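Next come the chains, spelled out residue by residue.
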Amino acid sequence: MDDIPTEVLIDCAQLVKANSIQGNKMNNIAVVYTPWGNLKKTADMDVGQVGFHKQKEVRSVTVEKRVNEIMNRLNRTRDERLPDLASEREDRDREERGEKKAQLQEQKRNEKEETRRKREQEELRSYSALMKEENMTSNQDGNDSDEFM
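Residues numbered from 1 in each chain as written. Predicted model: local features only at pLDDT ≥ 70, side-chain atom pairs only at ≥ 80, totals over all residues. Heavy atoms only, no water.

Draft legend 1. View of the overall build of the chain. A count of helical and extended segments in the chain gives three helices and four strands. Secondary structure elements of the chain occur, N-terminal to C-terminal, as α-β-β-β-β-α-α. Each of the 149 residues in the chain was classed as buried or not, and the buried ones make up 12%. A sequence separation of at least 24 residues applies to 59% of the contacts in the chain between residues at least 6 apart. When the accessible surface of the chain is totalled, it reaches about 13900 Å², and 49% of it is carbon and sulfur. (Helix = DSSP H or I, 4+ residues; strand = E, 2+ residues; numbered from the N terminus. Buried < 20%, exposed > 50% of the residue type's maximum accessible area, 1.4 Å probe, protein only. Contact = heavy atoms within 4.5 Å. Areas by Shrake-Rupley, 256 points an atom, 1.4 Å probe, with all protein chains shown as cover.)

Right under this line is the structure:
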């Protein structure tokens, strides 16, 4: 919140003042702003009434009077859209599921590769490949070799 440029903050405060029924008629009003996670709304509150979880995170800016130049500039650049929020949410959720699925597949692939490497290392260290029947010879089948001396 401290990174918000003052020009943007002033523009936002002017918009709030201009869109308020009572605030538009008054001078020297305080516009309060806070992160959305700090807002507290309970069932017993009136419509439009909110509270705050942490009072430290609440900031305010004072608007002395309406500046028509700012409002005219903002109204010229106004782009009002009516987005289909449900379809945008579904698209975003679909993308997130796809990313999660790709991560799981990559993780499984890495686990398979790791188990394959471990198995190869175990085979290299074991003597099971040396003790096979086809690699063994016996002296009973005529391979008597007493020439070792």
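Draft legend 2. Inspection of the packing of helix α1 (residues 6–18) against helix α2 (residues 68–76) at higher detail. At a closest axis distance of 10 Å, the pairing of α1 and α2 adopts a crossing angle of 90°. Classified by the angle their axes make, α1 and α2 are roughly perpendicular. Between α1 and α2, the contacting residues are Ile10, Asp11, Gln14, Leu15 and Ala18 on the first element and Ile70, Met71, Arg73 and Leu74 on the second. Residues belonging to the contact of α1 with α2 are distributed by class as follows: six nonpolar, one polar and two charged. (Axes fitted to C-alpha atoms, helices over the stretch in contact; angles between N-to-C directions. Parallel < 35°, antiparallel > 145°, perpendicular 65-115°, else oblique. Nonpolar A, V, L, I, M, F, W, Y, C, P; charged D, E, K, R; others polar.)

Draft legend 3. Spotlight on the side chain of glutamine 14. Mapped onto the fold, glutamine 14 is located in helix α1. Accessibility expressed as a relative area gives 4% for glutamine 14, which makes it buried. If sequence neighbours within four positions are ignored, glutamine 14 has contacts with Val63, Lys65, Arg66, Val67, Ile70 and Met71.

Draft legend 4. Representation of the nonpolar core in the model. Grouped together as the largest cluster of nonpolar side chains are five residues: Ala13, Ile29, Val31, Val61 and Val63. Of all the secondary structure elements, the ones that give two or more residues to this core are β1 (29–33) and β4 (59–63). Look past the residues within four positions of valine 31 in its chain and what remains in contact with it is Ala13, Val16, Arg59, Ser60, Val61 and Val63. (Core = buried A, V, L, I, M, F, W, Y, C linked by side-chain atoms within 4.5 Å.)

Draft legend 5. Structural detail: a nonpolar patch on the surface. Together, Tyr127, Leu130, Met131 and Met136 make up a nonpolar patch on the protein surface, roughly 500 Å² of accessible area in all. When you line up the elements, methionine 131 lands in the segment after α3 (85–125). Classification of methionine 131 as exposed rests on a relative accessible area of 59%. (Patch = residues over 30% accessible without salt bridge, like charges linked within 9 Å, V, L, I, M, F, W, Y side chains within 5 Å. Salt bridge = Lys/Arg side-chain N within 4 Å of Asp/Glu carboxyl O.)

Draft legend 6. Main features of the pattern of salt bridges. Overall, the coordinates contain twelve salt bridges when judged by the stated rule. Among the ionic pairs, aspartate 11 bridges to arginine 73, the shortest N-O distance being 3.0 Å. Residue aspartate 11 is found in helix α1, and its partner arginine 73 is found in helix α2; the two are separated by 62 residues along the sequence. Aspartate 91 is the salt-bridge partner of arginine 94, the closest N and O atoms lying 3.0 Å from each other. Here the residue arginine 94 and the residue aspartate 91 both occupy positions in helix α3, the gap between them amounting to three residues, near one helical turn.

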